[in-house]
Amino acid sequence: MDNLCKGARVLKNSQRPVKERTLRSVENEINLLMQALQARTPGLRFSPRIEQDYLQHRDQHFLDVDRKIIIGGLIVYLLFSWSDFYLGGDNTLTIVAWRLVIAGLLFVITQALSRTRYTYLVVPVTAIGISLIGASVVYFISLLDGIDRYAYHLGMIPIQVFAIVSMRLSYRAFLFTSVVMLFTYIIGGHWLDLTDRSEVGEIILALQPYFIAFWTVLILLGGYLAYVMESGFRSETIKNRLLALEAERLSFLTQQLRQLSTTDGLTQIANRRYFEQLIQTEWSRCQRHQQVLSLVMIDIDAFKEFNDTYGHQSGDDCLRRVASTIDGLCRRSADVCARYGGEEFVMLLPAMTHDEARALAQQACQQVAELKIVHRGSHAGVVTISAGVASCIPQQGQHSDALLKQADELLYRAKAAGRNRVEA
Ligand SMILES: Nc1nc2c(ncn2[C@@H]2O[C@H](COP(=O)(O)OP(=O)(O)OP(=O)(O)O)[C@@H](O)[C@H]2O)c(=O)[nH]1
């Protein structure tokens, strides 16, 4: 799970350029990754963009996990100085010095790379480093005399095994390292004096083709293993990223669903269902704190006539403009304006006194009239609203419906009194 998160994080962090993420961009990325997962090429390469993200993730993984293996390998390489002291003769110091220089250099470079933005160099540098270790052993053989040097021939095998272990997630880097080491050994054997003319030397020389054949088989097996491992790691990385993207998509969808279930589609303000949830919460809160809860019921005047005169489409536009005007007046975080019915709105105003609520309702009337939406059928010649304002301090045993009923009655009193007014 930890690796999964890490994988997802690394691939996600590498998305360039940093754009605002949307449901569409997440779904596009899911499609791209699905395609990458299905279209597996024999050369194990994704499309350029995914490949670049993948390589960043692989290099990070290499730095997190394989750097420890590399350090272990370098320590073993240095520990062989112990055998140099026994077998190195006059050249002991030269060999040990080379070991220290090569191991030290590799250690410093891999450590430094992990702290810079050049982490993409860590795999090639390690591949070159292991090849260099192989070349150094060939050189050491040429420095030694007598029968002891043959022990060092066998030293090539642990280095080859080490290459399999550390390069297992990049079959190309593995093949590069292995082929370079094998050729260094073969060419080194040709140019440098790796055997002597003794009886043992003749036997070793005769056995060398078998040794090289065995080594070649080891490289082929290691190459196959690295190929399979890399292929598995690639698809595991993509699957982990897909899982993270699916979670992101789900969170977008949940957000959308929440938005849909609480918002009125036409006016984009809160819908009645959401209002009914909120009034319960605010009712209980005001009851607990013994605070005033105010409610303003609003209805557009002669809206049926407006629809009949200007058409349903203009009616919708009018509803949107009125809703946005009233909603704009709910400035405190707890205030909510909702569409209660067709052309009816409600303002829920917790902890607002009755006078303040009435002033707000009057402001709403004024601002809607100032919209100057022409309405020939209205007394004012423009669209107006009527409002009923009710307030109470909720008490035990009371229900919020009573407050709603009172606001509704006051609204109809405002209608009866000639419209375009507030009754409180
Ligand atoms: N365009 C549009 N009209 C709607 C919508 N919902 C309800 N209406 C209309 O709103 C009108 C409400 O009319 P009435 O309830 O008779 O009220 P009124 O004409 O506003 O009269 P008073 O409220 O007494 O001033 C009806 O004609 C509904 O068709 C809507 O979403 N869009």
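What counts, and at which threshold
Residues numbered from 1 in each chain as written. Predicted model: local features only at pLDDT ≥ 70, side-chain atom pairs only at ≥ 80, totals over all residues. UniProt positions renumbered as here; feature names shortened; annotations may be inferred. Helix = DSSP H or I, 4+ residues; strand = E, 2+ residues; numbered from the N terminus. Contact = placed C-beta atoms within 7 Å. Pairing = 2+ DSSP bridges. Core = buried A, V, L, I, M, F, W, Y, C linked by C-beta atoms within 7 Å. Buried ≥ 20, exposed ≤ 12 C-beta atoms within 10 Å, placed from the backbone. Near = placed C-beta within 6 Å. Nonpolar A, V, L, I, M, F, W, Y, C, P; charged D, E, K, R; others polar. Axes fitted to C-alpha atoms, helices over the stretch in contact; angles between N-to-C directions. Parallel < 35°, antiparallel > 145°, perpendicular 65-115°, else oblique. Expected span 1.5 Å × (residues − 1). Arc of directions from axis to C-beta. pLDDT = per-residue confidence, 0-100. Left-handed = near helix turned anticlockwise from the far one by under 90°.

Looking up the protein in an unreviewed UniProt entry gives the name diguanylate cyclase, with the organism given as Bacterioplanoides pacificum. The UniProt entry for the protein carries the following comment under Catalytic activity (unreviewed entry): "2 GTP = 3',3'-c-di-GMP + 2 diphosphate".

Draft legend 1. Molecular detail of the overall build of the protein. Secondary structure summary: the protein contains 15 helices and five strands in total. Sequence-distant contacts in the protein: of pairs separated by 6 or more residues, those separated by 24 or more amount to 71%.

Draft legend 2. Representation of the sheet that holds strand S4 (residues 385-392). Read across the open sheet, the five strands follow the order S2-S3-S1-S4-S5; overall the sheet is mixed. Here the strands that pair on one side only, and so sit at the sheet edges, are strand S2 (336-339) and strand S5 (422-423). Bridge count between S2 and strand S3 (residues 344-350): four bridges; the pairing is antiparallel. Within the sheet, the bridge partner assigned to Ala-338 lies in S3 and is Val-346.

Draft legend 3. Main features of the nonpolar core. One finds Val-296, Val-346, Ala-387 and Val-389 to be the most contacted residues of the largest nonpolar core, which totals 48 residues. Grouped together as the second largest cluster of nonpolar side chains are 32 residues, Leu-106, Ala-127, Leu-144 and Ile-159 included.

Draft legend 4. Seen up close, the site of the ligand. Taken together, 17 residues surround the ligand, and among them Asp-301, Phe-303, Lys-304, Gly-315 and Gly-342 come closest. Those elements that provide at least two residues to the shell around the ligand are strand S1 (293-300), helix H12 (303-310) and helix H13 (312-329). Class assignment of the residues belonging to the shell around the ligand gives a composition of five nonpolar, four polar and eight charged.

Draft legend 5. Structural detail: the pairing of S3. Here S3 lies mainly inside the structure; six of its seven residues are buried. The pairing of S1 with S3 spans seven bridges and is antiparallel. When the sheet's bridge partners are listed, Ser-294 is paired in S3 with Leu-349. The turn joining S2 and S3, which pair antiparallel and follow one another in sequence, is formed by four residues.

Draft legend 6. Spatial organisation of the UniProt feature "transmembrane region" (unreviewed entry) in the protein. UniProt marks residues 69-89, 95-113, 120-144, 150-167, 174-192 and 212-229 with the feature "transmembrane region" (unreviewed entry), using the numbering shown here. Each end of residues 120-144 is marked by a C-alpha atom, and these two atoms are 38 Å apart; helix forms 88% of the span and strand 0%. Counted over residues 212-229, helix gives 100% and strand 0%. Its end C-alpha atoms are 25 Å apart.

Draft legend 7. Representation of the environment of Gly-72 in the model. Looking at where Gly-72 falls in the secondary structure, it is placed in helix H3 (residues 48-79). Taking the C-alpha atoms as reference points, Gly-72 and Phe-162, separated by 90 residues in sequence, lie 9.9 Å from one another.

Draft legend 8. Spatial organisation of the packing of H3 against helix H8 (residues 156-166). Interaxial distance between H3 and H8 falls to 10 Å at its minimum, and their mutual angle equals 170°. Judged by the angle between their axes, H3 and H8 are roughly antiparallel. Contact residues: H3 offers Asp-66, Ile-69, Ile-70 and Gly-73, while H8 offers Phe-162, Val-165 and Ser-166.

Draft legend 9. The arrangement of H13 in detail. An ideal rise of 1.5 Å per residue puts 26 Å on 18 residues; H13 measures up with 26 Å between its terminal C-alpha atoms. Those residues of H13 not exposed but buried are Cys-318, Leu-319, Val-322, Ala-323, Ile-326 and Asp-327. Angularly, the buried residues of H13 cover 160° about the axis, an arc narrow enough to put them on a single face. Structural note: H13 exposes Gln-313 and Gly-328 on the side pointing more than 90 degrees away from its buried face.

Draft legend 10. Spotlight on the confidence of the model for the protein. Mean pLDDT over the protein stands at 89; residues scoring 70 or higher make up 94%. What the predictor reports for the complex is a pTM of 0.67 with an ipTM of 0.97.

Draft legend 11. Spatial organisation of the environment of Glu-236. Here Glu-236 is to be found in helix H10 (residues 199-262). Put simply, Glu-236 and Leu-37 are 199 residues apart on the chain and 9.7 Å apart in space, counted from C-alpha to C-alpha.

Draft legend 12. Looking closely at the packing of helix H2 (residues 23-38) against H10. Contact pair H2 / H10: the axes reach a minimum separation of 10 Å and the direction vectors enclose 155°. Of the possible angle classes, the one that applies to H2 and H10 is roughly antiparallel. Between H2 and H10 lies a crossing of left-handed hand. The segment H2 lies against H10, with Leu-23, Val-26, Glu-27, Glu-29, Ile-30, Leu-33, Ala-36 and Leu-37 engaging Ser-235, Ile-238, Arg-241, Leu-242, Leu-245, Glu-248, Arg-249 and Phe-252.

Draft legend 13. Looking closely at helix H14 (residues 354-370). Relative to the 24 Å expected for 17 residues at 1.5 Å per residue, H14 spans 24 Å between its end C-alpha atoms, a close match to the ideal helical length. Three or more residues of H14 are buried, namely Ala-357, Leu-360, Ala-361, Ala-364, Cys-365 and Val-368. Looking straight down H14, one finds that the buried residues subtend no more than 145° of arc, so they occupy a single side. Of the exposed residues in H14, those oriented more than 90 degrees away from the buried face are Asp-355 and Glu-370.

Draft legend 14. Here's a closer look at the pairing of S1. In terms of burial, S1 is largely enclosed, as eight of its eight residues are buried. Neither face of S1 is open: one carries Leu-293, Leu-295, Met-297 and Asp-299, the other Ser-294, Val-296, Ile-298 and Ile-300, and all of them are buried. Sheet analysis places S1 next to S4, joined by eight bridges and oriented antiparallel. The partner of Asp-299 across the bridge, within S4, is Ser-386.

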